[in-house]
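# Architecture at a glance
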Amino acid sequence: MINSTQVSYFTLAAYFDTGVFKYLYFMVIMSLYFFIVCANIFVIVVICMNRSLHEPMYLFLCSLFVNELYGSTGLFPFLLVQILSDIHTVSTSVCFLQIFCAHSYGGIEYLNLAIMSYDRYLAICFPLQYNTRMTSKKIAILIAITWLYPCFALTILLSLATPLQLCGNIIDKVFCTTYSVVKLACSNTSGINIYGLIASFGTIFVALILILYTYLHILKVCFSGSKQTRQKAVSTCTPHLASLLNFSIGACFELLQSRFDMSRVPNMLRIFLSLYFLTCPPLFNPVMYGLKMSKIRALSKSLISNVGY
């Protein structure tokens, strides 16, 4: 057996020799990361600088965009280094740090989207009581839970994963995940597998129940309410549903790849699918909300015009 303390690095086997094209891939990935950082920071600045946007919905959006920056920063700089490198290895400490960033990003994203659906439920179904129900204290508590719970759950998971005895150090991915490391263990991993399933599906199940409950009530109010109510629901819920669907597709791809044999799937497709949930939501969410939300769109245009002059 190889003790985990003797494994000082992991080899990422999903990378392959791209020859001179590695510089092209580097430029594409760097451009994507630059756009993600600029787009998310821009919308965060717009929300923070305008008092008219200091409302619950926009504060939850700000939390979402901060998480997009967090998740993409946990991946893209590492990818850029690996693309230019001839040897695709990662130290154990960096690998576990990447696991923490990637998985906590996923949990925060999903819980944030669930909290946003609850906010829309209160705004559409209880418009007169909205301000008394969604207080500043409640907003702070919900955002704190959204961030602290996934980080706490991941801390426990990593405390179970780091002492594992490993019989290898080859990971068939372009970045580290919990399951890819646990698969290398020589010892019994039933405990960590059970905890991982409970933590993952507990988070997904609770968030999904909340989302379904809120949207069923929103639909009920839309069908029985006025045209103005339906327009309000469509304008605020459409980008949220698009974000939810986009992230859920990416998360499903990652879960399927982790649990099933994907060796028959072309390597490039496997890489794309594994990077989807860490790339597409941070890329599309700020653009989608910036274009769809009328207040953000108007204030963004105003800010750009003021900078121009």
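Let me sum up the structure you'll find in this document.

Conventions we followed
Residues numbered from 1 in each chain as written. Predicted model: local features only at pLDDT ≥ 70, side-chain atom pairs only at ≥ 80, totals over all residues. Heavy atoms only, no water. Buried < 20%, exposed > 50% of the residue type's maximum accessible area, 1.4 Å probe, protein only. Helix = DSSP H or I, 4+ residues; strand = E, 2+ residues; numbered from the N terminus. Contact = heavy atoms within 4.5 Å. Pairing = 2+ DSSP bridges. Axes fitted to C-alpha atoms, helices over the stretch in contact; angles between N-to-C directions. Expected span 1.5 Å × (residues − 1). Lys, Arg positive; Asp, Glu negative; His and termini not counted. Salt bridge = Lys/Arg side-chain N within 4 Å of Asp/Glu carboxyl O.

### Thoughts on helix α3 (residues 76–84)
Burial in α3 covers these residues: Phe76, Phe78, Leu79, Leu80, Gln82 and Ile83. At its buried positions, α3 is contacted by β1 (9–12), α1 (21–49), α2 (56–73), β2 (89–91), α4 (92–125) and α10 (267–292).

### Details of the sheet that holds β2
Spatial ordering of the open sheet is given by β2-β1-β3, a layout of 3 strands whose pairing is mixed. Whereas interior strands pair on both sides, the edge strands pair on one side only; in this sheet they are β2 and β3 (170–171). Across 3 bridges, the pairing between β1 and β2 is antiparallel. When the bridges of β2 are listed, phenylalanine 10 appears paired with valine 90. Across the sheet, α4 touches β1, β2 and β3, and the angle it forms with β2 is around 85°.

### Considerations on α1
For α1, built from 29 residues, the straight-helix expectation of 42 Å at 1.5 Å per residue is met to within 8% by its first-to-last C-alpha distance of 42 Å. All buried positions along α1 are accounted for by Lys22, Phe26, Ile29, Tyr33, Ile36, Ala39, Asn40, Val43, Ile44, Val46 and Ile47.

### Points about the side chain of glutamate 68
With respect to the secondary-structure elements, glutamate 68 resides in helix α2. Here glutamate 68 sits buried without a salt bridge, and the closest side chain of opposite charge, arginine 120, lies 16 Å off (N-O distance). Beyond its immediate sequence surroundings of up to four residues, glutamate 68 is in contact with Asn40, Tyr105, Glu109, Pro281, Pro282 and Asn285.

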